[in-house]
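Spelled out from the first residue to the last, the chains are:
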Amino acid sequence: MSLSKIPVHKCLEKLQWLLGVWRSESATILLEGKAFTYLSEFKCEHVGQPNFILHINAFNVQPSTNGNSGVTWTSATDLKPFHREMGFLRVNPKDETATNISYLNVQNVGLANVEEGSINGKSFVVETKSIGRSCFNKDPSVRLLRREYRLDEQDENVLHVKVFMSTSKMEENEQAFEHLTIQYRKVSNE
């Protein structure tokens with residue numbers, strides 16, 4: 001049986017808009033005062049359980065030499081693996097009306113975290129509740145991640161994602177800074 005034929009678990013129907021493969025139209029990372037662009041692919045799938053499976057694959061790219069300043073999927077001459085994340089987005093399966101959500105996330109840079117938040121229509125926000133890191137990660141350490149996902153009101157094939165971060169280099173009362181800004185376009189429903 002094809003996974004696309006398996007019905008979405010009842011508790012996740014309110015997030016069904018997230019399912020599919022999304023590719024960045026624009027993606028900017030801000031790290032230590034420097035900004036640069038990259039390409040990102042986001043995949044959200046399910047197997048009928050009360051969770052969605054999320055994959056995020058980012059690529060450091062070499063732009064083409066035709067003078068095009070913006071890097072796109074078609075203008076990049078070389079895609080180099082850059083950053084990988086995988087996780088599970090969960091809603092309480094015993095309460096189909098619940099708007100609280102949790103995201104279990106692991107990254108290839110040595111971070112594993114649990115994030116929690118709430119769903120608000122065609123958007124949701126999650127923030128770290130616990131962060132683990134591998135023993136050989138360098139400082140500064142991540143103290144907080146807040147992810148904001150929002151489906152575009154004008155075009156349901158566009159997804160806006162912002163990630164805010166604070167680190168151990170920052171003062172305790174200092175606000176998290178905008179670390180990633182991505183605009184995705186849906187390329188597949190599968």
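Residues numbered from 1 in each chain as written. Predicted model: local features only at pLDDT ≥ 70, side-chain atom pairs only at ≥ 80, totals over all residues. Heavy atoms only, no water.

Per an unreviewed UniProt entry, the protein is named THAP4-like heme-binding domain-containing protein, and its organism is Adineta ricciae. Checking UniProt for the protein, the heading Catalytic activity (unreviewed entry) contains the comment "peroxynitrite = nitrate". (UniProt positions renumbered as here; feature names shortened; annotations may be inferred.)

It is worth spelling out the overall build of the protein at this point. Tallying secondary structure elements over the protein gives zero helices and eleven strands in all. Moving toward the C terminus, one meets the helices and strands of the protein in the order β-β-β-β-β-β-β-β-β-β-β. The C-alpha radius of gyration of the protein comes to 17 Å, within 12% of the 16 Å expected for a compact globule of 190 residues. Considering only C-alpha atoms, the protein reaches an extent of 50 × 45 × 30 Å along its principal axes. Taken across its 190 residues, the protein has 40% of its residues classed as buried. (Helix = DSSP H or I, 4+ residues; strand = E, 2+ residues; numbered from the N terminus. Rg over C-alpha atoms; globule rule 2.2 N^0.38 Å. Buried < 20%, exposed > 50% of the residue type's maximum accessible area, 1.4 Å probe, protein only.)

Quick look at unusual backbone geometry now. For the peptide bond that leads from D139 to P140, omega is 5°, which places it in the cis range. By the secondary structure assignment, P140 is in the loop between β8 (123–133) and β9 (142–151).

Now for a nonpolar patch on the surface. Taken together, M86, F88, L104 and V106 make up a surface patch of nonpolar side chains, about 300 Å² in accessible area. Residue position: F88 is located in strand β5 (residues 76–91). Under the relative-accessibility criterion, F88 is labelled partly exposed at 33%. (Patch = residues over 30% accessible without salt bridge, like charges linked within 9 Å, V, L, I, M, F, W, Y side chains within 5 Å. Areas by Shrake-Rupley, 256 points an atom, 1.4 Å probe, with all protein chains shown as cover. Salt bridge = Lys/Arg side-chain N within 4 Å of Asp/Glu carboxyl O.)

This part covers the nonpolar core. Of all hydrophobic cores here, the largest spans 36 residues; its most connected members are L15, L18, F42, F52, L89, F124 and L159. Sequence-distant contacts of L159, defined by excluding residues within four places in its chain, comprise W17, L18, W22, F42, Y149, R150, L151, I182, Q183 and Y184. (Core = buried A, V, L, I, M, F, W, Y, C linked by side-chain atoms within 4.5 Å. Contact = heavy atoms within 4.5 Å.)

What follows covers the pattern of salt bridges. Once the charged atoms of two side chains with opposite charge are near each other, the side chains can pair. Inspection of the entire model under this criterion finds twelve salt bridges. With its nearest N and O atoms 3.8 Å apart, the salt bridge here joins E13 to K10. Across the pair E85 and R147 runs a salt bridge whose closest N-O atoms are separated by 3.2 Å. Linking E85 in strand β5 with R147 in strand β9, this pair joins segments that are 62 residues apart in sequence. For the residue pair E85 and R147, the accessibility class agrees, reading buried in each case. Salt bridges sharing common partners tie together E25, D155 and R185.

To continue, consider the pairing of strand β10 (residues 158–167). Burial analysis of β10 places nine of its ten residues in the buried class, the great majority of the element. Of the strand pairs in this sheet, β9 and β10 are connected by nine bridges, and their pairing is antiparallel. If you follow R146 over to β10, its bridge partner there is F164. Between β9 and β10, which follow one another and run antiparallel, lie six residues. (Pairing = 2+ DSSP bridges.)

Our next topic: the pairing of strand β2 (residues 34–37). Where strand β1 (residues 20–31) and β2 come together, four bridges link them in antiparallel fashion. Residue pairing across strands places L31 opposite K34, the latter belonging to β2.

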